Amino acid sequence: MTRSLTDNLKANLIRTQGEEPVNLIELYSSQIFTDRIRVTDSLKEIVSNGNTYTPFPFSLTIANDQSNESPVAQLEFDNISRAITRWLEQLQGAPKAKLRHMKIQVSDPDTLEIDITYDLKNITVNRRRVSGRLGFDETINKIGNIIQYRKDNSPGLF
């Protein structure tokens, strides 16, 4: 998966001292129309593109490209708040749940360095952790062309 970063972030990553990029996460579903859950791995609240992201501990393993495999990533939250488990209970297992992962610099929070939307699947909840598998199954399995060209609906082609 090719990622193009801004020149400012590239220069910042080359330096031995500088600001670290910050991860922003949005959890949402097309099945329920409640507010999206917006969290960041920063220690303070961040406002990016008009949305406020709350500090919350999580671990995100980014997807890598393996040949002949669908890219898979992993997300884990510490189960310290009822907000996420309550949201998952409303979804009743979270079918069609999505996770939007963004990476920004604190000095320029409105520029998204990375912006990837994953399908959130196989969610497990226990006393300590909430975890789920991130992939692109719904996106990859969508039909690219909804119209099927046949003799009866496109006689000029045949």
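See the structure shown above.
Here the residue index of a chain counts from 1 through its sequence in written order. Side-chain atom pairs in this predicted model are given and counted only at pLDDT of 80 or more, local residue features only at pLDDT of at least 70, and totals for whole chains, interfaces and linings cover all residues. The side-chain figures draw on all heavy atoms in the structure; neither hydrogens nor water molecules are used.

Caption draft 1: View of the overall build of the protein chain. Only DSSP runs of H or I reaching four residues or more are called helices, and only runs of E reaching two or more are called strands; each is numbered from the N terminus. For the protein chain, the helix and strand inventory stands at three helices and nine strands. Listing the helices and strands of the protein chain from first to last along the sequence gives α-β-β-β-β-β-β-α-β-β-β-α. Going through the 158 residues of the protein chain one by one, you find that 35% of them count as buried. Contacts in the protein chain between residues far apart in sequence, at least 24 positions, make up 52% of those at least 6 positions apart. Throughout, the Shrake-Rupley method with a 1.4 Å probe supplies accessible areas, and for residues the shown protein chains are the sole cover considered. In the structure as shown, the protein chain presents an accessible area of about 10300 Å², 48% of it carried by carbon and sulfur atoms. Note on classification: 1.4 Å probe, protein chains only; a residue is buried when its accessible area is under 20% of the maximum for its type, exposed when over 50%, partly exposed between these limits. Any two residues whose heavy atoms approach within 4.5 Å at even a single point are treated as in contact.

Caption draft 2: Region of interest: the pairing of strand S7 (residues 97-104). Judged by how many residues are buried, S7 sits mostly within the fold: seven of eight residues are covered. Bridge analysis of strand S1 (residues 22-29) against S7 gives eight bridges, and the strand direction is antiparallel. By the bridge assignment for S7, valine 22 is matched with isoleucine 104. Strand pairing is assigned whenever DSSP identifies at least 2 bridges connecting the two strands. In this structure, S7 lies alongside strand S8 (residues 114-125), joined through seven bridges in antiparallel fashion. What sits directly across from lysine 98, in S8, is aspartate 119.

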